[in-house]
Amino acid sequence: MLDGKQYMVCVPYKPHAYPAQYRRQVPDTIVGSAKFGQSWVLCTTGVPRVVEGRAPEGMQDRPIPLKEGCVSKRSVVSVGHGVCWASNRGLCYYGSKGAYVMTDHVITRANWRQQELETIIGASWGDWYIGFYDDGTRKGFMINTQDPTCMIRLTQGAYAVFSDPLSDTLYILDGSNVIKKWDAGSAGSATFKSRVFRHPRAVTPGAARIVGTTFPVTFSMWADGDLKVSSLSVSSDAAFKLPSGYTAEEFQYQIVGTSVVEGVYIAEEMVDLP
């Protein structure tokens, strides 16, 4: 049980009894908590702490080496091998993989703070942390907690979430009091926009090829920030020509579809494509 800066441990098998000798106080107000393994993580307004021990009278807390206060109680989620919570800097993690900010290399702090952090509702689904937020429109994001190298943006929002550990199923409360099962029904459309690729010299890409499972997918491309290919429908994995008449050093592409895309190849000539 939590109360302000206090955490309280009950008598074993008696969750109604919290003797004074089993109560401890930490320096900062406790916002929320979750556990992984035998560790109880307290996410506070200041330095988070982890509580460990073998018996109620022997529980001890110590600071986590990550000075990131929690900004949303409902963002605190156990992901099996650790605990995640939202801070002003990003999505934080403490667990078997250490203590760090998962989003440091996938989103800028300025963009992270545009998500109305205090509204974040977290959920665990497989290896993924799913966060829902409300910036005037309910939306969401996904981050793989085992390999946090990117963030997937969601147009789907939620008012509440429930994870059923028995069936390993996630349910969300949508608008109009509709409960939906996650990862069920028909596949939605996904948009992927690549990073900016910089070529050592100015070139003219003349051909491209998309490798995927099913088609069509929609392809767009920017060169030095200017849109050169707008919403081109690609119906197979055969190579196709790109517009010419310019040179550029920086390139970025986008694909939109409902199926898995395994790779995108862009080259100066058709013969250069795999």
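Residues numbered from 1 in each chain as written. Predicted model: local features only at pLDDT ≥ 70, side-chain atom pairs only at ≥ 80, totals over all residues. Heavy atoms only, no water.

Within the open sheet, the four strands sit side by side as 12-13-14-15. Their pairing is antiparallel. At either margin of the open sheet sits one strand with a lone partner, and together these are strand 12 (121–125) and strand 15 (152–154). Averaged over all neighbouring strand pairs, the angle between strand axes comes to 20°, with direction disregarded. With three bridges connecting them, strand 14 (residues 138–144) and strand 15 associate as antiparallel partners. (Pairing = 2+ DSSP bridges. Helix = DSSP H or I, 4+ residues; strand = E, 2+ residues; numbered from the N terminus. Axes fitted to C-alpha atoms, helices over the stretch in contact; angles between N-to-C directions.)

With 100% of its residues at a pLDDT of 70 or more, the chain has an overall mean of 94. Per-element confidence in the chain is highest for strand 9 (residues 82–86), whose mean pLDDT is 98, and lowest for strand 19 (residues 190–193), whose mean pLDDT is 90. (pLDDT = per-residue confidence, 0-100.)

Moving on, we come to the environment of Pro63. Along the polypeptide, Pro63 turns up in strand 7 (residues 60–63). Taking the C-alpha atoms as reference, Pro63 lies 9.4 Å from Leu42; in sequence the two are 21 residues apart. If near-sequence neighbours (up to four positions away) are discounted, Pro63 is found in contact with Val47, Pro48 and Arg49. (Contact = heavy atoms within 4.5 Å.)

Spatially, four strands are ordered 8-9-10-11 in an open sheet, and the strand pairing comes out antiparallel. Sheet topology places strand 8 (77–78) and strand 11 (98–101) at the edges, where each strand pairs with a single neighbour. Bridge count for strand 10 (residues 91–95) against strand 11 is four bridges, and the pairing is antiparallel. Among the inter-strand pairings, Cys92 is bridged to a residue of strand 11, identified as Val101.

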